[in-house]
Amino acid sequence: RLARKLRTCGLDASYIVSNDRHDILKAVLLGNRTLLTQGRMATWLSRRLCPGQCYCVESKQPHAQLLEVIKQFDLKIEQSDLFTRCIGCNASDFVRIDRKDIEEMAGNVVPIKVVAKVNEFFMCAECAKIYWAGRHLTTEVDELLRVRE
């Protein structure tokens, strides 16, 4: 969930789906990334990575984790950064979808009541996840702007 929160802030955040320490180590080194982790594996990984390449997140709640990471790495998040990455796949390329195409998907990909109320839809160019501005967006933006302060 932390990766999704970081992506919502417009930050490039990969999520490694593996319990194999060597796979994780390889992904961090090849991707030139900083590993955010928790638990027993954190100690093993931190001993094998350069200082600053591994950070053990102490907080347990996603919102508190986000705050902790932003503070730890002194990340600057601007309003223009918000919602610039797909929370599903981390891509940053979106295409606008014609309303008639969305209407054809009503009930399957996009709820019918959303299609009736919303005029603008975007699709992730990588994974095809559909996005639109709804009530959740206002709540999320308010939360993220508070995090910024």
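In this text the structure is predicted, and so the values were computed from the model without any measurement.

(A) Spotlight on the overall build of the chain. Assigned secondary structure in the chain consists of seven helices and five strands. Traced from its N-terminal end to its C-terminal end, the chain shows the element sequence α-α-β-α-β-α-β-α-α-β-β-α. With the principal axes as the frame, the chain shows a C-alpha extent of 55 × 35 × 20 Å. A burial count over the chain gives 33% of its 149 residues as buried.

(B) Region of the structure containing the sheet that holds strand S4 (residues 121-124). One open sheet holds the three strands; their spatial order is S3-S4-S5, and the pairing between them is antiparallel. Each edge of the open sheet carries a strand with a single partner, namely strand S3 (94-97) and strand S5 (130-132). Strand-to-strand twist in this sheet, taken as the mean axis angle between neighbours without regard to direction, amounts to 35 degrees. Pairing analysis gives three bridges linking S4 to S5, with the strands arranged antiparallel.

(C) Up close: a positive patch on the surface. Positive charge collects at one region of the surface, where Arg 21, Arg 40, Arg 47 and Arg 48 lie side by side. At three residues, helix H3 (residues 40-48) tops the list of elements feeding residues into the positive patch. Structurally, Arg 40 can be placed in helix H3.

(D) Spatial organisation of the pattern of salt bridges. On inspection of all chains with the given rule, the structure shows four salt bridges. Ionic pairing is found between Arg 96 and Glu 120, a salt bridge with its closest N-O pair at 3.4 Å. With Arg 96 in strand S3 and Glu 120 in the loop between helix H6 (112-117) and S4, this residue pair connects regions lying 24 residues apart in the sequence. Arg 96 gets classed as exposed once you look at its relative accessible area, which sits at 56%. We classify Glu 120 as partly exposed; its relative accessible area is 37%.

(E) Helix H4 (residues 62-72), seen in detail. Buried residues of H4: Pro 62, Gln 65, Leu 66, Glu 68, Val 69 and Ile 70, and no others. One or two steps after H4, the chain reaches Asp 74, where phi turns positive at roughly 50 degrees.

(F) Representation of the packing of helix H2 (residues 21-31) against H3. Packing of H2 against H3 brings their axes to within 11 Å, and their N-to-C directions diverge by 45 degrees. Compared by their axis directions, H2 and H3 come out oblique. Seen from above, H2 lies across H3 with right-handed handedness. Facing H2, whose interface residues are Arg 21, His 22, Ile 24 and Leu 25, H3 presents Met 41, Trp 44, Leu 45 and Arg 48. In terms of residue class, the contact of H2 with H3 is built from five nonpolar, one polar and two charged.

(G) Broad picture of the environment of Gln 38. As for its position among the elements, Gln 38 is in the loop between strand S1 (35-37) and H3. Residue Gln 38 is classed as partly exposed on the basis of its relative accessible area, which comes to 31%. Taking the C-alpha atoms as reference, Gln 38 lies 9.1 Å from Lys 60; in sequence the two are 22 residues apart. Not counting residues within four places of it along the chain, the set of residues in contact with Gln 38 comprises Cys 56, Val 57, Glu 58, Ser 59, Lys 60 and Gln 65. Within the structure, Gln 38 has its side chain in polar contact with the backbone oxygen of Val 57 (distance 2.9 Å).

Calculation notes
- Residues numbered from 1 in each chain as written.
- Predicted model: local features only at pLDDT ≥ 70, side-chain atom pairs only at ≥ 80, totals over all residues.
- Heavy atoms only, no water.
- Helix = DSSP H or I, 4+ residues; strand = E, 2+ residues; numbered from the N terminus.
- Buried < 20%, exposed > 50% of the residue type's maximum accessible area, 1.4 Å probe, protein only.
- Pairing = 2+ DSSP bridges.
- Axes fitted to C-alpha atoms, helices over the stretch in contact; angles between N-to-C directions.
- Patch = residues over 30% accessible without salt bridge, like charges linked within 9 Å, V, L, I, M, F, W, Y side chains within 5 Å.
- Areas by Shrake-Rupley, 256 points an atom, 1.4 Å probe, with all protein chains shown as cover.
- Salt bridge = Lys/Arg side-chain N within 4 Å of Asp/Glu carboxyl O.
- Lys, Arg positive; Asp, Glu negative; His and termini not counted.
- Charge placed at Lys NZ, Arg CZ, Asp CG, Glu CD.
- Parallel < 35°, antiparallel > 145°, perpendicular 65-115°, else oblique.
- Left-handed = near helix turned anticlockwise from the far one by under 90°.
- Contact = heavy atoms within 4.5 Å.
- Nonpolar A, V, L, I, M, F, W, Y, C, P; charged D, E, K, R; others polar.
- Polar contact = N/O pair within 3.5 Å; in protein donor to acceptor, adjacent residues only side chain to side chain.

By themselves these figures say nothing about function.
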